[in-house]
Amino acid sequence: MQMLDFLQNELPFSDWVDTGVDWLTEHWAAFFSFLQTVGQNIMDAMTNGLSMIHPLLFILIVTVAAFFLGGKKWQLPTFTLLGLLLIYNQDLWSDLLNTLTLVIVSSLISVIIGVPAGVLMSKSDMARSIITPILDFMQTMPGFVYLIPAVAFFGIGMVPGVFASVIFSLPPTVRMTNLGIRQVPTELVEASDSFGGTGWQKLFKLEMPLAKGNIFAGINQTLMLSLSMVVIASMIGAPGLGQGVLSAVQRSQVGNGFVYGIAIVILAIIMDRFTQNLNSSGNSSND
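Here's what I pulled together on the structure shown here. The structure presented is a predicted model; accordingly, all values stated were derived computationally and were not measured. Here the residue index of a chain counts from 1 through its sequence in written order. Given that this is a predicted model, residues contribute local features only at a pLDDT of at least 70 and side-chain atom pairs are listed and counted only at 80 or more, while totals for whole chains, interfaces and linings are drawn from all residues. Heavy atoms from the whole structure form the basis of all side-chain values; hydrogens and water molecules are not counted.

This brings us to the side chain of Thr173. Here a helix means four or more residues in a row that DSSP labels H or I, a strand means two or more in a row labelled E, and each is numbered from the N terminus. Along the polypeptide, Thr173 turns up in helix H10 (residues 171–182). On the basis of relative accessibility, which here comes to 0%, the residue Thr173 falls in the buried class. Here a polar contact is recorded for every N or O atom pair within 3.5 Å, except that within protein the pair must consist of a potential hydrogen donor and a potential acceptor, and residues adjacent in sequence are included only if both atoms are side-chain atoms. Of the polar contacts made by the side chain of Thr173, one reaches the side chain of Thr222; its length is 2.6 Å. Setting aside chain neighbours within four positions, we find Thr173 in contact with Ser110, Val111, Gly114, Val115, Gly218, Ile219 and Thr222. Burial classification: accessible surface area is computed with a 1.4 Å probe over protein chains only, and a residue below 20% of its type maximum counts as buried, one above 50% as exposed, and the rest as partly exposed. In this analysis, two residues are considered to be in contact whenever any of their non-hydrogen atoms come within 4.5 Å of each other.

Right, let's talk about the layout of surface pockets for a bit. Empty space within the largest pocket amounts to approximately 500 Å³. In terms of lining residues, the largest pocket is bounded by 20 residues, among which Leu100, Ile104, Leu223, Met271 and Phe274 are the most central. Elements supplying a minimum of two residues to the lining of the largest pocket: helix H4 (55–69), helix H6 (93–123), helix H13 (212–228) and helix H16 (254–286). Only protein atoms enter the 1 Å grid used here, on which a cavity is any set of points holding a 1.4 Å probe that cannot leave and a pocket is any open set flanked by protein within 12 Å on both sides along at least five of seven lines; residues with an atom within 4 Å of a point are listed as lining. Grid points are joined across faces, edges and corners, and a volume is the space filled by probe spheres set on the points.

With their axes 8 Å apart at the nearest point, H4 and helix H5 (residues 75–89) run at an angle of 160° to one another. By the criterion of interaxial angle, the relationship of H4 to H5 is roughly antiparallel. Note that H4 runs across H5; the crossing there is right-handed. Between H4 and H5, the contacting residues are Pro55, Leu56, Ile59, Val62, Thr63, Ala66 and Phe67 on the first element and Leu76, Pro77, Thr80, Leu81, Leu84, Leu85 and Tyr88 on the second. Residues are grouped as follows: nonpolar covers Ala, Val, Leu, Ile, Met, Phe, Trp, Tyr, Cys and Pro; charged covers Asp, Glu, Lys and Arg; every other residue, Gly included, is treated as polar. When grouped by side-chain class, the residues that make up the contact of H4 with H5 number 12 nonpolar, 2 polar and no charged. A fitted line through C-alpha atoms serves as each axis, taken over the contacting stretch for helices, and the angle formed by two N-to-C directions is quoted from 0 to 180°. Each angle is binned into one of four classes, with values under 35 degrees roughly parallel, values over 145 roughly antiparallel, values of 65 to 115 roughly perpendicular, and all other values oblique. Working rule for handedness: look at the near helix, and if it is turned counterclockwise from the far one by less than a right angle, call the crossing left-handed; if clockwise, right-handed.

Take the number of residues in a helix, subtract one, and multiply by 1.5 Å to get its expected span. Helix length check: helix H3 (residues 29–51), at 23 residues, gives a terminal C-alpha distance of 32 Å against a target of 33 Å (1.5 Å per residue), a fit within 8%. For H3, every residue scored as buried is listed here: Phe32, Gln36, Gly39, Met43, Thr47 and Leu50.

Here we come to a negative patch on the surface. A surface patch of negative charge is lined by Asp15, Asp18, Asp22 and Glu26. Here Asp22 lies in helix H2 (residues 13–27). The class of Asp22 is partly exposed, set by a relative accessible area of 45%. Patch membership needs two things, relative accessible area over 30% and no salt bridge, and members are linked within 9 Å if like-charged or within 5 Å if nonpolar (Val, Leu, Ile, Met, Phe, Trp, Tyr). Residue-level accessible areas treat just the shown protein chains as cover; the underlying method is Shrake-Rupley with a 1.4 Å probe. The working definition used for a salt bridge is a side-chain nitrogen of Lys or Arg within 4 Å of a carboxyl oxygen of Asp or Glu. By the counting scheme adopted, Arg and Lys are positive, Glu and Asp are negative, and His together with the chain ends is not counted. By convention, the charge on Lys lies at NZ, on Arg at CZ, on Asp at CG and on Glu at CD.

Structure (structure tokens):
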């Protein structure tokens, strides 16, 4: 009977979460304000720096880079040139740079956190048992939910967009780093130990190079997930191509929405091919 009464009483779970968030915003306000200021200044400097390069020169540089990264084949540089010219022609260049800044910053933070976390998981079964449920939670929680604490901690703008993007896009890098290092052949690890290699030497000279393919695959997924958060982040004031999509949805402007969507697709394909070719070129140089 007592168990039945317990089940019928609703747990104040939302109140507990609200209390925790209120405590953080009250006692850590100075810290969040510091992160907001520093993060905004860094991203403004990055966007302004990219804006100083003439769009046509920027397109030329990226096209040349695509030519060499693509193995001197014509497909990737041609797509890069035509795609970026289309974005420039549609007067979306400033939005593209804002989106590029958001994606690059959130991806860099994800990699800086994700690779060490993946290494820790690969070295400790206890760490893996603790981190894996957290990653499951981060991947399965709808992306819109991350906007709530982002706004509570940082207000609106680019910084909360990066915060939500990092949480959403971090897990692939962690998982793939862990998987890559665990798949290093045991014989090679034992050989390294027999020759007196230290833990750091074994990690940086054996395990990380052999796991590079998996790590880059995780980074590639992180990039794509960060880019998928562009539209969602625009709901809390993050500038860029996502704001154009959101505005088109709100005003039922099918044409504008399609143009902004195509621009996001072009950026996604270019970044995806760049990271894939960076991985393949690194493997060929190692061979």
